[in-house]
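# Secondary and tertiary structure notes
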Amino acid sequence: MLIPKNNANLMRTKILIKLVESYLHDKFDNADRIPLDLRPKEGASSRCCVYKDRAVLKYRCMAGLGHCPEEETDELISLREYGKQALERTHAAKNKLSVIDIACSACIKSQYVITDVCRGCFAQPCRLNCPKEAISIINGRAHIDPEKCVNCGKCYEVCPYHSVVKIPVPCEEACPVGAITKDEKGKEHIDTEKCISCGKCLASCPFGAIVERSQIIDVLREIKETDHRVVAMLAPAILGQFPGSVNNLVGALKQVGFSDVIEVAVGADITTQKEAAEFVERMEQGQNFMTTSCCPAYFRAAQVHMPEVAPHVSSTKTPMYYTAELVKKEDPGCIAVFVGPCLAKRAEAEYDPNVDYVLTFEELGAILVASGINVDECPEEPFSKVSHAQGRQFPVTGGVAGAVASLVGDKVEIRPEKIDGLTKESIKLLKRYAAKGSENNMLEVMCCEGGCVSGPGCIALSKKAARAVDAYAQTGEQLTPDTKIG
Amino acid sequence: MEKIKVKICVGTSCFVMGAAQIQTLEFNAPADIADKIEILEERCMNLCKELHTKYNRGPFVRVNEELIEEATYEKVVAKIREVLQKQSCK
Ligand code: SF4
Ligand code: SF4
Ligand code: FES
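How each quantity is defined
Residues numbered from 1 in each chain as written. Chains lettered and ligands numbered in written order. Predicted model: local features only at pLDDT ≥ 70, side-chain atom pairs only at ≥ 80, totals over all residues. Heavy atoms only, no water. Core = buried A, V, L, I, M, F, W, Y, C linked by side-chain atoms within 4.5 Å. Buried < 20%, exposed > 50% of the residue type's maximum accessible area, 1.4 Å probe, protein only. Contact = heavy atoms within 4.5 Å. Buried area = accessible area lost by both parts, 1.4 Å probe. Salt bridge = Lys/Arg side-chain N within 4 Å of Asp/Glu carboxyl O. Polar contact = N/O pair within 3.5 Å; in protein donor to acceptor, adjacent residues only side chain to side chain. Helix = DSSP H or I, 4+ residues; strand = E, 2+ residues; numbered from the N terminus. Nonpolar A, V, L, I, M, F, W, Y, C, P; charged D, E, K, R; others polar. Phe/Tyr/Trp six-rings, centres within 6.5 Å; stacked < 30°, edge-to-face > 60°. Lys NZ or Arg CZ within 6 Å of the ring centre and 35° of its normal. Pairing = 2+ DSSP bridges. Axes fitted to C-alpha atoms, helices over the stretch in contact; angles between N-to-C directions.

### Some details on the nonpolar core
By size, the foremost hydrophobic cluster in this structure holds 153 residues, and its most contacted members are Ile210(A), Tyr298(A), Leu25(B), Val76(B) and Ile80(B). Beyond its immediate sequence surroundings of up to four residues, Val76(B) is in contact with Val6(B), Ile22(B), Leu25(B), Val61(B), Val63(B), Ile68(B) and Ala71(B). Counting residues in each nonpolar core, the second largest holds 17 residues, with Ile270(A), Val280(A), Val404(A) and Leu479(A) among its members.

Now the structure itself:
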């Protein structure tokens, strides 16, 4: 695909902006207008009619308000009501991805179809190789009985004319761990036990049918309606996500009402130091390899889907962990909000008592737009703690391994390798390394291809963001094993 | 021939609403237009601030001087092709 974000994804941004606006304007009194505004009667519809579009939009709004569409008990509950309920929450609702069943178009069940190219040949290798006898010849052409087909793809492999096409189901194709599958009606469901919250399915669905609970309203409520100090912890992938400098952005966040803004790159510096020390220790013990641990989607994938790899995962905590620890040590009563590119961080935050909420860059963007703040025009303000080059380079593939390598010194030899993107294939590769050993001893694993700059919560193109990250890292001072952080 | 100027508004509002995705043109423009365009960034065209239009009509892109509202990658590419066609008719 040419553009990384499809129209369904861009619609999510608009929904979030509308929700924030509705909150700021009248605390959701008129929230039920949002689906109508986004799909006016005169406009074109993207499904069968505007009414269905609006019904889907209502569910997407629910998710924006932090509710899970699957938990709907009464269809008549209005968005206004859901909005009010959102304001009564005092803790983030449990992270969950879910499928809006009326929006899921139940993409094709049998993924293989025989096209007109079929010559109805004499040999009929498709029919002969089908293990389920699903193929029959009708009017001189092969047909697949979708009831019998098990999507094994044998016919696809053997047809000498390439007349069999494979029609993928985008979300299933994108999911690296097989957590999303069809029910008997053909609709997709996510198995929460298997799901690693990476968000790949959500980004891939062309119908916008997959949603995730947002915490955007919870954060705004903390800022506007409580006297808590709300601290934003900006993930290092923030570079390039907004126009203007990163210091303009600090100014913008203060205008939104955050009381302090701190870079998670500071925590990444700590991760670098500890991970380098751990690496040396493990290698001295004679271990074959170690992998990074900062990507929570990969971390969970290792625990749940690759138990043989799990012992190799570094036990060093993530940059978010160390940053939140610093923040809470200085100001125990504050509310700490991680702002990043990542959906899996929401799951990680549930296990981290120091992190109260997680926002994506997209959600932060929605808050800025709805508040009429242009980052460029905000006064430049400094971060209260300064990060180093190493921590700043974390969000680009190769960055974490590079940072760790720079601190290992010459006690042991470090041979880094990037596993750039968690896919069905790279999971197989990791399992093979665990079973048979790996040539390289420091494996950096990032679930998102390209690193966190390609995370599902990003606004900017990953290429441009990666450049901005590099440029920022260049301006940072070099970290040493004993630099005192915080 | 002079290149067609594609000015993408990268003020916060437009950028968040989808201008960032239109920047794909910098890396991956369709072959027929790739070398005929010049991509420029503009920091807030001030169109998002007018009350009656506000951000709702963004993101904004100008192709030469023609304004595209609610711009998408497809819309911009179509407009560029249209301008090219007009130029070649002259
Ligand atoms: S693991 Fe990722 S792609 Fe699979 S269901 Fe969960 S969020 Fe979606
Ligand atoms: S690569 Fe980064 S953004 Fe993507 S899942 Fe991992 S930590 Fe999150
Ligand atoms: S941000 Fe584009 S017109 Fe203001």
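### Looking at the interface of chain B and chain A
Many analyses report the size of an interface as the accessible area lost when the parts associate. Across the boundary between the two partners, chain B contributes 25 residues, which contact 30 residues of chain A. Between chain B and chain A lies a buried interface of about 2300 Å² when both sides are counted; carbon and sulfur atoms form 61% of it. Taken together, the connections running from chain B to chain A amount to 3 salt bridges. We note a salt bridge from Arg43(B) to Asp376(A), for which the minimum N-O separation is 3.1 Å. Linking chain B with chain A are 7 residue pairs in polar contact (both at pLDDT 80 or more). Take the side of chain B that touches chain A: its biggest share by element is 8 residues, from helix H1 (residues 12–22) of chain B. Here the side of chain B that touches chain A is built from residues that sort into 9 nonpolar, 9 polar and 7 charged.

### Let's talk about the pattern of salt bridges
In the structure shown here, the tally under the stated rule is 32 salt bridges over all chains. Ionic pairing is found between Glu26(B) and Lys464(A), a salt bridge with its closest N-O pair at 2.8 Å. With Glu26(B) in helix H2 (residues 24–28) and Lys464(A) in helix H19 (residues 462–474), the pair connects residues from two separate chains. Under the relative-accessibility criterion, Lys464(A) is labelled buried at 19%.

### Considerations on the packing of aromatic side chains
All names here are of chain A. Summed over all chains, the structure comprises 4 aromatic pairs over all chains. Aromatic pair Phe 289 and Tyr 433: ring centres 6.4 Å apart, planes at 65°, arrangement edge-to-face. Taken together, the residues Phe 289 in the loop between helix H11 (264–284) and strand S11 (290–291) and Tyr 433 in helix H18 (residues 424–436) connect sequence positions 144 residues apart. In this structure, Phe 289 and Tyr 433 share a single accessibility class: buried. Considering the side-chain rings of Tyr 321 and Tyr 322, the 5.4 Å spacing of their centres and the 90° angle between planes classify their relative orientation as edge-to-face. Given the relative accessible area of 23%, Tyr 321 is considered partly exposed. Across from the ring centre of Tyr 321, 5.4 Å away, lies the NZ or CZ of Lys 317, which sits over that ring. Above the ring of Phe 338, the side-chain terminus of Lys 345 is found at 5.7 Å from the ring centroid.

### Here's the deal with the sheet that holds strand S9 (residues 230–234) of chain A
Residue and element names in this part refer to chain A. If you walk across this open sheet you meet the 4 strands as S10-S9-S12-S13, and the pairing is parallel. Here the strands that pair on one side only, and so sit at the sheet edges, are strand S10 (260–263) and strand S13 (357–360). Strand-to-strand twist across the sheet, computed as the mean angle between neighbouring axes with direction ignored, equals 25°. Two strands pair when backbone bridges link them, and strand S12 (residues 335–340) and S13 are joined in this way by 4 bridges, in the parallel orientation.

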